[in-house]
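Analysis of the macromolecular model
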Amino acid sequence: MDSSLLATRLHIPPRTRHLVHRERLVAAIERSVQEEGRKLTLVLAPAGYGKTTLLSQWAHASQRRVAWLSIGEGEHDPERFLRSLLAAWEVVQPEVGGSPVGLLLGSREPDRAAVLAAFIAAASALPERTVFVLDDVHLIEEPAIHDTLVSLLDHLPPTLHFVLAGRAAPPLPLARYRARQELSEIGPEALQFQVGETAALLNGQMQLDLGDEEITALHDGLEGWIAGLQLASLTVRRQREFAAPMVSGRHRFIVDYLSEDVLAHLDEDVRRFLLRTSVLDRLCGALCDAVTEGREGQQMLELLERENLFLVPLDDERAWFRYHRLFADVLREELHRRYPDEVGALHLRAARWHLDRDLPEEAFRHAVAGDDPHLVAQIAARHVLAKLFRGEIRTVQRWMAALPETWYTGQPDLGLARAALCYLTGQFDDCARGLEEVERQALSRGTETRAPLAKVTAMRCYIACHESDLERAEVLGRQALQNLPDEDVVFRPGVFVALGDTNRLHGRWDDARAWYLKSLAFTHAPALRIESVNVYGALADLALRQGRLGDAAAHWSHALTVIEAYDTRGSYALPLIGWVYLRIGELLYERNALEDAGEQITRGLERAELGGDARTLLAGYVLASRCTLTAGDIEAATDYLERARPLLEQAPFPEWTSRFERQQVELWLAQKRPRAAVDWAKMTRRVESTPWPPESEARHLALARVAIVTGDRPALEQALTLLGALLQAADAEGRMGVQIEALALLALARWQGGDRPGALTALEQALRLAEPEGYVRLFADLGLPMARLLQEARTRQIMPDYVATLLAACGGDADQPGALPEPLSEREREVLRLLAAGLSNREIAETLAVSAETVKKHAGSIYGKLGVGNRTEAAARARELLLLDT
C-alpha cells in the first residue's frame with residue numbers, strides 16, 4: 001500500500017479545527033489506562049458521538065505511548081491485522097520491528113501462536129506502559145481476528161492496555177473482563193454533550209451567539225448528540241431561526257436535513273463534489289480530481305474542512321481526509337437518488353486511479369462496484385500471481401468468490417487467475433480443468449484467441465515443470481513464448497523461471513542460468529519482483545558451483561535488497577530470509593570479513609530459529625561453528641555443531657550433512673583429537689558408495705584432509721587418489737570451488753610426501769584460480785601447514801601480493817612454520833621424528849646415545865607442548881603441523 005495512505009491508519013488523527021475540550025472524558029480514559037489491573041477500555045456508541053475525536057484528544061494530551069490503528073473496511077485476514085498492529089507499534093517504538101515479533105510478522109505465513117507469544121514477550125519487556133487504540137472495531141468481520149484479540153487480552157502484560165472504539169461491542173468475553181474488573185466502558189450516555197459543552201460548540205467554536213434558551217432547546221431536542229448539533233449549527237449560521245421539532249427523529253432528521261437543508265443550500269459545485277467523492281473511503285486532492293474529472297480537489301477539501309462539513313483530516317499535512325462515517329452514508333444514499341447513472345463511472349475512475357498506483361485491493365473493490373468485468377480482469381491479471389506469491393491466498397479466494405460466475409465466461413484472464421489459484425494451492429486437477437475451460441471459451445469466440453491460448457500453454461508449461469517433465473515443459477514453454485505478447489509481464493517471466501528451475505534440477509546449469517537471466521528483465525512487474533528472490537538465490541548457487549564468489553555475492557545482495565524493501569515486507573517465509581543472510585555471511589567469511597560475516601550469520605540464525613526450518617538451521621549452525629572456530633572459541637564451535645547434530649536425523653540434507661562432517665573434522669583437529677578424525681575416516685570409507693554424488697564432495701575433501709594429517713605412506717596415497725578423482729569430476733563439471741580446495745589439499749599431500757616441486761605446482765594452480773574471486777579462508781583454514789607452503793611460495797615469488805594477503809589471514813604464527821605456544825627444542829624434534837617413525841623408547845635411546853629415562857622425559861615434554869596424550873597422537877599432530885620435514 002502507498003506509504004502515505006497507510007500512514008493515515010497508523011497515526012493519531014490530528015486535532016480538528018472546531019474542537020470542544022472534553023476534560024472529564026479525557027481524564028476518565030487516562031484513569032482507565034493507568035489503573036493497575038485494567039487491560040481494556042471500550043468506547044462504544046452509534047455514529048456521530050465523537051468517539052474518534054475524543055480518543056484523538058486524549059492521545060494528544062496523554063503522556064503514554066499511544067499506538068493507533070484505524071480498522072479498514074472488511075477486515076478479514078488475521079495475519080494482515082497483526083502486521084497492521086505491529087506497524088502501529090513501530091510508530092511509537094521503532095525498535096520493535098527488529099524484535100522476534102517484528103521478524104515473524106515481516107515474513108510470510110508466520111505461525112500465529114509464535115507471533116502472539118513473541119508479541120506478549122516484546123510487550124513484557126517495555127520500559128513503560130503502551131496503549132493500543134483500535135478505532136472502528138465494528139468493521140472487523142473475521143472471527144479469527146476476534147480470537148486473536150482475545151488471545152492477546154487474556155495474556156496481556158501490565159505494560160500494555162487496549163482501547164477499542166466502535167459502534168457496537170466486539171464479540172469478546174466482556175462479562176469475564178467485567179467480573180475481574182479488567183474492563184472500563186464509556187457509552188453513548190457518557191459521550192453525549194452536556195449543556196455546557198453544547199454551548200462551547202455552538203457559541204465558542206461556531207461563534208453563533210445563541211441565547212441560553214436556544215442552546216437548551218437544541219441540546220434537549222438532540223439529547224446532546226454531537227453530529228446532530230453540528231448539522232443544526234450549519235443552518236443556524238445561515239439563518240437565525242430554527243424549530244425544535246426540526247431536530248426530532250434522529251434517522252429521518254439526518255437524511256432529510258442533509259438533503260433538504262444542508263446540501264440544498266450549498267453551492268452547486270460543492271454539492272456535486274461532495275456527492276461524487278462520497279464513493280471514496282479516503283480522499284486526497286489527486287484522487288478527487290481523477291474521480292470528478294476536475295482540477296481543484298485539494299482546494300475543495302480545504303474549503304470543506306474550513307466550513308466544518310464533516311471532513312476529518314487523517315494526517316498532520318492534511319493531504320488525506322475522510323468524510324464522517326454518518327455523513328458519508330447519507331451522501332452515498334443521496335448520490336444514488338440524484339445521480340444513479342453516474343455511480344458506476346465514479347467507481348471506475350477511482351479503480352483506475354488506484355490501479356495506476358499499484359493499490360490493487362482498492363482498485364478491485366471499485367471495479368466490482370463499477371460493474372466492469374474487463375477492468376476486474378485487468379487487475380486480476382496484473383496482481384493475482386503477486387498476491388499468491390506473497391501468500392495472500394485468502395485475499396485472492398475472496399476476490400474470486402466475489403465475482404459473478406458469468407464474468408468468468410467472458411473474461412479469460414479471470415479464468416486464468418482462478419486456475420493459478422488452484423495451481424499454487426496444489427489443486428492440480430482443478431487447475432487443468434480450468435485451463436481446458438478457458439481454452440474452450442477462447443476457441444469458441446474465434447477472434448483474439450492468440451494471447452489467451454498462449455497463457456493457457458504457459459500454465460501447462462508450469463505444470464510440466466512441477467512434474468519435472470523437462471522435455472514437455474520446454475516444448476510448451478517455447479510455444480507459449482512465441483505467442484505471448486511482448487508486453488506480457490506475468491506469464492512470459494513465469495515461463496523463464498519455471499524452465500530455469502527445471503533445467504537446474506536436471507543438472508543443466510548453463511541452460512538454467514540463461515533462463516533465469518531472461519526473467520530478471522521483468523523485475524519491475526509485481527509478480528516477478530516477489531519471485532526474484534528465488535531467482536537471485538538460484539543464480540547465486542549456480543555461481544558458487546563454479547566458484548564465482550563475486551557473482552554469488554552480487555546475486556545474494558540483490559535478493560537481500562528485495563527482501564528488505566518496504567513493498568515486499570511479509571512476502572517471504574522466515575527460513576528463506578534467514579537463508580539469504582546465512583549465505584551472504586558464508587561469502588563474507590570466505591573473503592575473511594570475519595566481523596561482518598558473524599553479524600550476517602547471527603541474523604540468519606535468529607530468523608532460522610524463529611522459522612524452525614531444519615535445513616536453514618543446519619546450515620546456520622555449521623556456518624556459525626566455522627566462524628567461532630576461526631575466532632578461537634572452540635567451546636562455542638562445539639556447541640553449534642552439537643545443535644546441528646540432531647537435525648541430521650530429522651530429514652536428509654546430503655550437501656549439509658557432508659559439510660557438517662567436514663566441519664566436524666576441523667573441530668576434532670582443533671581439539672587435538674586426531675584419533676577421532678582417523679576413526680571417522682575409517683568408518684566412512686567402509687560404508688562409502690560409488691559413484692560419488694556432487695553433494696558429498698565436502699565429505700571427500702574431509703577424508704583427504706584426515707589422510708594428510710595421518711601422514712604415513714598409505715594414507716598419503718589414499719589422499720592423492722581421492723583428490724585426483726575429485727579434481728577430475730570437478731573439472732568436468734566446471735566446479736571451480738571444489739577444484740581450488742582439492743588443489744590446495746593436493747599441495748599439502750605432495751609436500752608431506754616429499755614432492756616439493758609437485759606441491760608448489762598444485763598450490764600455484766589453486767592460487768591462480770582463487771585469486772580473481774578473492775578466496776582467503778579456504779587456504780587460511782588449513783592452518784600452519786598451508787602457511788608453511790605459502791611461505792615457500794613467497795620465497796619463490798609466486799603471486800606475491802595474493803600470497804601476502806593469505807599469509808596475513810593465517811595469523812601471527814604464519815611466519816614461524818610449525819610454531820607452537822612453546823617451541824620444541826632441537827633434541828625434542830629429533831625424538832619426535834623417531835617416535836613418528838615407530839621406534840620404541842629403547843631404540844630411540846640407542847640411536848641418540850642417551851638413556852631410556854631421558855627419552856621418556858623428552859617424550860613427556862613433547863606430548864605437553866603438542867597437547868596430546870600418546871605417541872600416535874603426537875605423530876599425527878606433528879604431521880599436521882609439518883614438524884617432521886625439518
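Our structure is the block above this text.
Residues numbered from 1 in each chain as written. Predicted model: local features only at pLDDT ≥ 70, side-chain atom pairs only at ≥ 80, totals over all residues. Heavy atoms only, no water.

A few points about the overall build of the protein chain
For clarity, the cut-off: Segments assigned H or I by DSSP are reported as helices when at least four residues long, segments assigned E as strands when at least two residues long, and all are numbered from the N terminus. When we talk radius of gyration, it's over C-alpha atoms, and the globule rule is simply 2.2 Å times the number of residues to the 0.38. Only protein chains enter the accessibility calculation, which uses a 1.4 Å probe; a residue whose area is less than 20% of its type maximum is buried, one above 50% is exposed, and one in between is partly exposed. A 1.4 Å probe and the Shrake-Rupley method give the accessible areas. Residues count as covered only by the protein chains that appear here.
In terms of regular secondary structure, the protein chain is built from 47 helices and seven strands. In terms of overall dimensions, the protein chain is more spread out than a globule: its C-alpha atoms have a radius of gyration of 37 Å, far above the 29 Å expected for 886 residues. Dimensions of the protein chain along its principal axes, counting C-alpha atoms only, are 130 × 75 × 45 Å. Counting only residues that meet the buried cut, the protein chain has 56% of its 886 residues in that class. Carbon and sulfur atoms form 49% of the exposed surface of the protein chain, whose accessible area is close to 37,300 Å².

Details of the sheet that holds strand 4 (residues 160-166)
The pairing of strands in a sheet happens through backbone hydrogen bonds and is either parallel or antiparallel. For clarity, the cut-off: In short, DSSP must find at least two bridges between two strands for them to pair. All axes here are fitted lines through C-alpha atoms, helices being fitted over the stretch that makes contact, and every angle between N-to-C directions spans 0 to 180 degrees. Two residues qualify as a contact provided that any one of their heavy atoms is within 4.5 Å of a heavy atom in the partner residue.
Spatially, 2-3-4-1-5 is the arrangement adopted by the five strands of the open sheet, whose pairing is parallel. If you trace the sheet from one side to the other, it starts and ends with strand 2 (65-70) and strand 5 (183-186), each paired once. Across the sheet, the mean angle separating the axes of adjacent strands is 15° when strand polarity is ignored. Looking at chain direction, strand 1 (residues 40-44) and strand 5 are connected through four bridges and run parallel. Within strand 5, the residue paired with Thr41 across the bridge is Ser184. This element, helix 3 (residues 51-61), spans strand 1, strand 2, strand 3 (130-135) and strand 4 of the sheet and lies at about 155° to strand 2.

Overview of unusual backbone geometry
With a phi close to 55°, Arg318 is a non-glycine residue in the positive phi region. By secondary structure assignment, the location of Arg318 is in the loop between strand 6 (311-313) and strand 7 (321-323).

Quick word on the packing of aromatic side chains
The cut-off we apply is this: Note on aromatic contacts: the rings of Phe and Tyr and the six-membered ring of Trp form a pair at centre separations within 6.5 Å, being stacked when their planes are under 30 degrees apart, edge-to-face when over 60 apart, and tilted otherwise. A positively charged side chain is recorded as over a ring if its NZ (Lys) or CZ (Arg) lies within 6 Å of the ring centre. The angle to the ring normal must also be within 35 degrees.
Going through the model one piece at a time under the given rule, you end up with 13 aromatic pairs. An angle of 15° between the planes, with centres 5.2 Å apart, marks the rings of Phe132 and Phe162 as stacked. Of this pair, Phe132 sits in strand 3 while Phe162 sits in strand 4, and the two are 30 residues apart along the sequence. We note that Phe132, like Phe162, is buried. Geometrically, the ring pair formed by Phe364 and Trp399 is stacked, given 4.3 Å between the ring centres and 5° between the ring planes. Here Phe364 is found in helix 19 (residues 360-369), whereas its partner Trp399 is found in helix 21 (residues 393-401), with 35 residues between them in sequence. The exposure classification of Phe364 matches that of Trp399, with both residues buried. Of the aromatic side chains, those joined through ring pairs into one cluster are Trp89, Phe119, Phe132 and Phe162. Over the aromatic face of Trp751 sits the side chain of Arg756, whose NZ or CZ is 4.6 Å from the ring centroid.

These values are about where atoms sit, not about what they do.
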